[in-house]
Amino acid sequence: MNMDHVAENGLVLLGCGKMGGAMLQGWLAQGLPPTSVSVIDPNPSDWLRGTGVGINGDLPENPAIVLIAVKPQMMGEALPTLAAMGNGTTLFVSVAAGTPIAAFEAALGAESPIVRAMPNTPAAVGRGITAIIGNAHASAAQVDLAEMLLRAVGQVVRLDTEDQMDAVTGVSGSGPAYVFHMIECLAAAGEAQGLAPALAMQLAQATVAGAGALAEAADETPAQLRVNVTSPNGTTQAGLAVLMDEETGLPPLMRKTVAAAADRSRELGQ
Ligand SMILES: NC(=O)C1=CN([C@@H]2O[C@H](COP(=O)(O)OP(=O)(O)OC[C@H]3O[C@@H](n4cnc5c(N)ncnc54)[C@H](O)[C@@H]3O)[C@@H](O)[C@H]2O)C=CC1
Ligand SMILES: O=C(O)[C@@H]1CCC=N1
């Protein structure tokens, strides 16, 4: 099974908001024909209308993949729509935070192949990372198919157990928001030091993007890259003394942040 299988048999996207849209944008950019995509969404965006995909029209009888990207809170309403789809070969892939595989098996039948996935929005520019795990009825070929589809929009990692998904959600699913907030805070701190807002934002944005690119490209660890910036008794050392404080700095704050997101993921799964 490959992308041609998806193009031939069709992909149904249930919910095309920020995450569904980010992935769709990536797939279309990778050459998935818009005519092979059918979106179900009561509130299609202008961007979606301009893509040429099918919107709220006829659905393929046995699509290769049904991708579920509605809010976990909307799942109760959305699942009955799904139950009518697929014939045992259709693979269901859910990106919903919290919602366990068991909830889909209850709605779709325990024999349905299901992959639970946690992507993130950098998928829109092909730089996402998605963690996946299949249920007992997802064949190796079907998990491979999900991986191939998601690899079109970034990296893919496979999990050993479903309960890892809560921590993954706290780190990489929600993670882009932490980084965007860091850009906001860095820019605001620059303004507090007298820089004009636009200049402070340009410096903050380029610094985070550049540091991310360097961290990915370099052979050194992030810890070594940090040391490389830090001259003895220099400016970085003074700044890091605040940021790295084990009681008031980023380490306890990041632990609390990721724990709160992971806890919320567990809560959504109840
Ligand atoms: N936004 C993100 O960074 C990430 C989101 N997710 C997951 O993706 C899912 C969607 O999240 P977002 O895209 O952020 O939300 P969103 O609110 O932007 O998109 C949800 C979409 O579902 C549509 N919708 C509502 N009811 C529907 C129904 N009954 N049938 C079909 N479509 C329906 C809405 O019109 C909307 O376009 C959630 O389950 C979330 O946990 C996962 C990883 C990252
Ligand atoms: O905030 C949320 O619940 C979703 C899941 C991960 C990122 N956004």
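Residues numbered from 1 in each chain as written. Chains lettered and ligands numbered in written order. Predicted model: local features only at pLDDT ≥ 70, side-chain atom pairs only at ≥ 80, totals over all residues.

1. Focus: the overall build of the chain
Alright, step 1. Secondary structure assignment for the chain yields 12 helices and eight strands.
Alright, step 2. Each of the three principal axes of the chain carries a C-alpha extent, and together these read 65 × 35 × 35 Å.
Alright, step 3. A burial count over the chain gives 31% of its 270 residues as buried.
Alright, step 4. Taking the contacts inside the chain whose residues are at least 6 apart along the sequence as the reference set, 66% of them involve residues at least 24 apart. (Helix = DSSP H or I, 4+ residues; strand = E, 2+ residues; numbered from the N terminus. Buried ≥ 20, exposed ≤ 12 C-beta atoms within 10 Å, placed from the backbone. Contact = placed C-beta atoms within 7 Å.)

2. Observations regarding the pairing of strand S8 (residues 154-158)
Alright, step 1. Where strand S7 (residues 128-134) and S8 come together, five bridges link them in parallel fashion. Opposite glycine 128, over in S8, you have glycine 154 as the bridge partner.
Alright, step 2. At this point the chain moves from S7, through helix H6 (residues 140-151), to the parallel S8, and the crossover so formed is right-handed. (Pairing = 2+ DSSP bridges. Right-handed = clockwise from strand over helix to strand, strands pointing away.)

3. Quick notes on the domain arrangement of the chain
Alright, step 1. Its domain assignment divides the chain into domain 1 (3-165) and domain 2 (175-268).
Alright, step 2. Between the C-alpha centres of domain 1 and domain 2 the distance comes to 32 Å.
Alright, step 3. Tallying the contact residues gives seven residues for domain 1 and four residues for domain 2.
Alright, step 4. Broken down by class, the residue content of the side of domain 1 that touches domain 2 amounts to three nonpolar, four polar and no charged. (Domains from an automatic or database assignment. Nonpolar A, V, L, I, M, F, W, Y, C, P; charged D, E, K, R; others polar.)

4. Observations concerning the environment of phenylalanine 180
Alright, step 1. Residue position: phenylalanine 180 is located in helix H8 (residues 175-192).
Alright, step 2. Separated by 25 residues in sequence, phenylalanine 180 and glutamine 205 place their C-alpha atoms 8.7 Å apart.

5. Thoughts on the site of ligand 1
Alright, step 1. Near ligand 1 there are 26 residues, and of these Gly15, Gly17, Met19, Ala96 and Ala97 occur at the shortest range.
Alright, step 2. Among the elements of the structure, helix H2 (18-29) and helix H4 (75-83) are those that each provide at least two residues to the shell around ligand 1.
Alright, step 3. Here the shell around ligand 1 gets three residues from one element, more than from any other, and that element is H2.
Alright, step 4. Looking at the shell around ligand 1 residue by residue, the classes come out as 15 nonpolar, seven polar and four charged. (Near = placed C-beta within 6 Å.)

6. What about the sheet that holds strand S6 (residues 114-118)?
Alright, step 1. The strand order across the open sheet formed by eight strands is S3-S2-S1-S4-S5-S6-S7-S8, and the pairing between neighbours is mixed. The open sheet has two edge strands, strand S3 (54-55) and S8, and neither has a second partner.
Alright, step 2. Direction of pairing for strand S4 (residues 65-68) relative to strand S5 (residues 91-94): parallel, over a ladder of four bridges. Counted as the bridge partner of valine 66 is phenylalanine 92 from S5.
Alright, step 3. Contacting S6 and S7, helix H7 (residues 164-173) crosses the sheet at an angle of about 40° to S6. (Axes fitted to C-alpha atoms, helices over the stretch in contact; angles between N-to-C directions.)

7. Quick look at the site of ligand 2
Alright, step 1. Neighbouring residues of ligand 2: Ala97, Thr169, Gly173 and Ser174.
Alright, step 2. A class-by-class count of the residues in the shell around ligand 2 yields one nonpolar, three polar and no charged.

8. A short note on the packing of H7 against helix H12 (residues 250-268)
Alright, step 1. Viewed as axis vectors pointing N to C, H7 and H12 meet at an angle of 135°, and their least axial separation amounts to 8 Å. Taken as axis vectors, H7 and H12 run oblique relative to one another. The crossing of H7 and H12 is right-handed. The residues of H12 that touch H7, namely those facing Asp166, Ala167, Thr169, Gly170 and Val171, are Val258, Ala259, Ala261, Ala262, Ser265 and Arg266.
Alright, step 2. Classifying every residue of the contact of H7 with H12 gives six nonpolar, three polar and two charged. (Parallel < 35°, antiparallel > 145°, perpendicular 65-115°, else oblique. Left-handed = near helix turned anticlockwise from the far one by under 90°.)

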